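Structural characterization, general
Read off the chains here:
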Amino acid sequence: VQLQASGGGLVRAGGYLRLSCAPSGRTLRTYAVGWFRQAPGREREFVAFITWTGSITNYADSVKGRFTISRDNAKNAVYLQMNSLKPEDTAVYSCATPGDRYRTPTRHEHEWTFWGQGTLVTVSS
C-alpha cells in the first residue's frame, strides 16, 4: 500500500500551504487518515486525523485553530490546510492510515499501519 503526501514547500511565517495525501492502488474512502510530522532532531508527532466518514476530526493543540483536515472521497484524497504557519511548523509531514477499514484510531502512532513518504514544509521567520 502506497500513500503519497504532496504540497510542501518553503513559506514565510504567517503564510499558508495545503498538503494532499493520495493513495496508489487502493481507495482511501473507507479509512481514517492521519497527518504526522517530524522536525529535524525530534520525534515524530501527531498533527491531525479525520475519520473515514469525515464526521470526526482531531487536532494536536499546537495546530488547533490554524490547521484544517478534510477529505474529498470523490477524489480519493485527504487534505491538510495549514494557515498562519510558524517556524516551529517546519517538518516533514506524512500521512498514514490504520490497517483496518472503518476504524477510528487514536493519536498513537502504533495504531497507524500504512505510511507514505513525507513532504517537507519549511517556514522561514
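Residues numbered from 1 in each chain as written. Predicted model: local features only at pLDDT ≥ 70, side-chain atom pairs only at ≥ 80, totals over all residues. Heavy atoms only, no water.

Side note on the nonpolar core
What tends to happen in soluble globular proteins is that the nonpolar side chains get buried as a cluster. Counting residues in each nonpolar core, the largest one holds 33 residues, and the members touching the most others are Trp35, Leu80, Met82 and Tyr93. Looking at this core, the elements with two or more residues in it are β1 (2–6), β3 (17–24), β4 (33–38), β5 (45–50), β7 (67–72), β8 (77–82), β9 (91–97) and β11 (119–124). Among the elements that take part in this core, β5 stands out by supplying five residues, more than any other. In this structure, leucine 80 is in contact with Leu17, Arg18, Leu19, Trp35, Val47, Ala48, Phe67, Thr68, Ile69 and Tyr93, ignoring residues within four places of it in sequence. (Core = buried A, V, L, I, M, F, W, Y, C linked by side-chain atoms within 4.5 Å. Buried < 20%, exposed > 50% of the residue type's maximum accessible area, 1.4 Å probe, protein only. Helix = DSSP H or I, 4+ residues; strand = E, 2+ residues; numbered from the N terminus. Contact = heavy atoms within 4.5 Å.)

Topic: the pattern of salt bridges
This model, assessed by the stated rule, comprises six salt bridges. For arginine 37, the salt bridge goes to aspartate 89, with nearest N and O atoms at 2.9 Å. Highlighted residues: arginine 37 in strand β4 and aspartate 89 in the loop between β8 and β9, separated in sequence by 52 residues. You'll find arginine 37 and aspartate 89 in the same group, each marked buried. For arginine 44, the salt bridge goes to glutamate 109, with nearest N and O atoms at 3.0 Å. Highlighted residues: arginine 44 in the loop between β4 and β5 and glutamate 109 in the loop between β9 and β10 (114–115), separated in sequence by 65 residues. Taking relative accessible area as the criterion, arginine 44 reaches 31% and is therefore assigned partly exposed. When salt bridges that share partners are traced, they join Arg37, Glu45, Arg66 and Asp89 into one network. (Salt bridge = Lys/Arg side-chain N within 4 Å of Asp/Glu carboxyl O.)

With respect to the state of the cysteines
Going through the model one piece at a time under the given rule, you end up with one disulfide. With its sulfur 2.1 Å from that of its partner, cysteine 21 forms a disulfide with cysteine 95. Its S-S torsion of about 80 degrees marks the bond between cysteine 21 and cysteine 95 as right-handed, since a negative value means left-handed. One end of the pair, cysteine 21, is in strand β3; the other, cysteine 95, is in strand β9, with 74 residues separating them in the sequence. (Disulfide = S-S within 2.5 Å.)

So, the pairing of β4
For β4, the tally of buried residues reaches five of six residues, placing the bulk of the element in the interior. With five bridges joining them, β4 and β5 adopt antiparallel strand pairing. Bridge pairing in β5 places arginine 37 opposite glutamate 45. Relative to β9, β4 runs antiparallel, the two being bridged by five bridges. Residue pairing for β9: tryptophan 35 is matched across the bridge by cysteine 95. (Pairing = 2+ DSSP bridges.)

Notes on the sheet that holds β1
Strands belonging to one sheet form pairs held by backbone hydrogen bonds; the direction of such a pair is parallel or antiparallel. On the basis of which strands lie adjacent, the open sheet formed by four strands has the order β1-β3-β8-β7 and antiparallel pairing. Unpaired on one side and paired on the other, β1 and β7 mark the two borders of the sheet. Here the strands of the sheet are splayed against their neighbours by 20 degrees on average, with no regard to which way each runs. With five bridges connecting them, β3 and β8 associate as antiparallel partners. Its bridge partner lying in β8, leucine 19 is registered against leucine 80. (Axes fitted to C-alpha atoms, helices over the stretch in contact; angles between N-to-C directions.)

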